Amino acid sequence: MTQPTASFNARLRQLDARRQIAFMAALSERLVPNYALYAGMSGQGNPSVVNNVLDLVWERLKVPSAKIDFDKQAEKLAEVEPPEADDSFGARRATETVMALTTLLDTLRGEAPEAALEVSRVSRNGVRAYIEMSEGSDDAERLEALFHEHELMQDERDFQDAVLEALEADPRLGDLAALRALGRNQGVSNLGLSLD
């Protein structure tokens, strides 16, 4: 499995807790279209719950003293997770969205020291799964090269780098709206999918 460079991971670990939360929120924004597409096609789940949880995370980033019951939000998220029996590609990507948000909520509840790295991996692994499904090969070496060179994986690396650089340049999180817009990526997910 191709891992991001050690310097990326080290830089991510060096962010303070608030900026790590912002990193996870931006990545989660980019996963939401995958969840919404699954919900629309399967009739399972509820994108408004997912969006509401993210809204509350951004609200906490904006107003650190905001009183938000993240335990309750985690319960709501668990209720809209795809059913375990659904092993479809769409369900797995929607589950990744819920996993990323759950990890984010765990951080807000003080329970997840490596959470930012975990959300980074979840997003990358979704891209890997998509590449493998769409262009897979039995040749492990060729598949590794494909993962490394594929434009979606390059886009994923560039996106995560851009979010990290934005957070390093703005330690006080002065422009959360710009960061959220970056995460929303004009409605295009990490898999290159959109609701349009």
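Heads up: the structure comes first, above all this text.
Residues numbered from 1 in each chain as written. Predicted model: local features only at pLDDT ≥ 70, side-chain atom pairs only at ≥ 80, totals over all residues. Heavy atoms only, no water.

Caption draft 1: Quick peek at the overall build of the protein chain. When its secondary structure is counted, the protein chain shows nine helices and zero strands. A compact globule built from 196 residues would reach a C-alpha radius of gyration of about 16 Å, and the protein chain, at 16 Å, matches this within 12%. C-alpha extents for the protein chain along the principal axes are approximately 50 × 40 × 30 Å. Expressed as a percentage of its 196 residues, the buried residues of the protein chain come to 45%. In the protein chain, the share of contacts with a sequence separation of at least 24, taken over all contacts with a separation of at least 6, comes to 74%. (Helix = DSSP H or I, 4+ residues; strand = E, 2+ residues; numbered from the N terminus. Rg over C-alpha atoms; globule rule 2.2 N^0.38 Å. Buried < 20%, exposed > 50% of the residue type's maximum accessible area, 1.4 Å probe, protein only. Contact = heavy atoms within 4.5 Å.)

Caption draft 2: How the structure looks around unusual backbone geometry. With a phi angle near 55°, Leu-173 is a residue other than glycine that sits in the positive phi range. Residue classification places Leu-173 among the buried positions, given a relative accessible area of 6%.

Caption draft 3: Broad picture of the pattern of salt bridges. One pass over the full model with this rule turns up 14 salt bridges. Among the charged side chains, a network of salt bridges with common partners joins Glu-29, Asp-55, Arg-180 and Arg-184. (Salt bridge = Lys/Arg side-chain N within 4 Å of Asp/Glu carboxyl O.)

Caption draft 4: Broad picture of the packing of aromatic side chains. Overall, the coordinates contain two aromatic pairs when judged by the stated rule. Judged by centre distance (5.9 Å) and plane angle (50°), the rings of Phe-89 and Tyr-130 are tilted. Placement of the pair is Phe-89 in helix 5 (residues 89-108) and Tyr-130 in helix 6 (residues 115-135), with a sequence separation of 41 residues. For Phe-89, a relative accessible area of 18% gives the class buried. The ring of Phe-159 has Arg-30 lying over it, and the distance from NZ or CZ to the ring centre is 4.2 Å. Between Arg-124 and the ring centre of Phe-8, over which it is positioned, the NZ or CZ distance is 5.1 Å. (Phe/Tyr/Trp six-rings, centres within 6.5 Å; stacked < 30°, edge-to-face > 60°. Lys NZ or Arg CZ within 6 Å of the ring centre and 35° of its normal.)

Caption draft 5: Quick look at helix 6. With 21 residues, helix 6 should cover 30 Å at 1.5 Å per step; its first-to-last C-alpha distance of 30 Å lies within 8% of that length. Listed in full, the buried residues belonging to helix 6 are Ala-115, Ala-116, Leu-117, Val-119, Ser-120, Val-122, Ser-123, Arg-124, Gly-126, Val-127, Arg-128 and Ile-131. (Expected span 1.5 Å × (residues − 1).)

Caption draft 6: Molecular detail of the side chain of Asn-34. If you trace the backbone, Asn-34 turns up in helix 2 (residues 17-42). Within the structure, Asn-34 has its side chain in polar contact with the side chain of Asn-190 (distance 2.8 Å). If we skip the residues at most four places from it in the chain, Asn-34 touches Arg-93, Thr-97, Ser-189, Asn-190, Leu-191 and Leu-193. (Polar contact = N/O pair within 3.5 Å; in protein donor to acceptor, adjacent residues only side chain to side chain.)

Caption draft 7: Region of interest: the nonpolar core. Core analysis: the largest hydrophobic core is formed by 47 residues, its most contacted members being Phe-23, Val-57 and Leu-61. Listed in part, the nine residues of the second largest apolar core include Phe-89, Leu-143, Leu-152 and Met-153. (Core = buried A, V, L, I, M, F, W, Y, C linked by side-chain atoms within 4.5 Å.)

Caption draft 8: The arrangement of the packing of helix 2 against helix 3 (residues 47-62) in detail. At a minimum axis distance of 10 Å, the contact between helix 2 and helix 3 shows a crossing angle of 165°. Classified by the angle between their axes, helix 2 and helix 3 sit roughly antiparallel to one another. When the axes of helix 2 and helix 3 are compared, the crossing they make is left-handed. Across the interface between the two elements, Arg-18, Ile-21, Ala-22, Ala-25, Ala-26, Ser-28, Glu-29, Val-32, Tyr-35, Ala-36 and Ala-39 from helix 2 touch Pro-47, Val-50, Asn-51, Leu-54, Val-57, Trp-58 and Leu-61 from helix 3. (Axes fitted to C-alpha atoms, helices over the stretch in contact; angles between N-to-C directions. Parallel < 35°, antiparallel > 145°, perpendicular 65-115°, else oblique. Left-handed = near helix turned anticlockwise from the far one by under 90°.)

Caption draft 9: Examining the environment of Gly-126 more closely. Structurally, Gly-126 is set in helix 6. The exposure class of Gly-126 is buried, given its relative accessible area of 0%. Here the alpha-carbon distance between Gly-126 and Glu-29, two residues 97 residues apart in the chain, equals 14 Å. Residues contacting Gly-126, with those up to four places away along its chain left out, are Arg-93, Glu-96 and Leu-191.

All quantities given are derived from atomic positions and should not be read as evidence of function.
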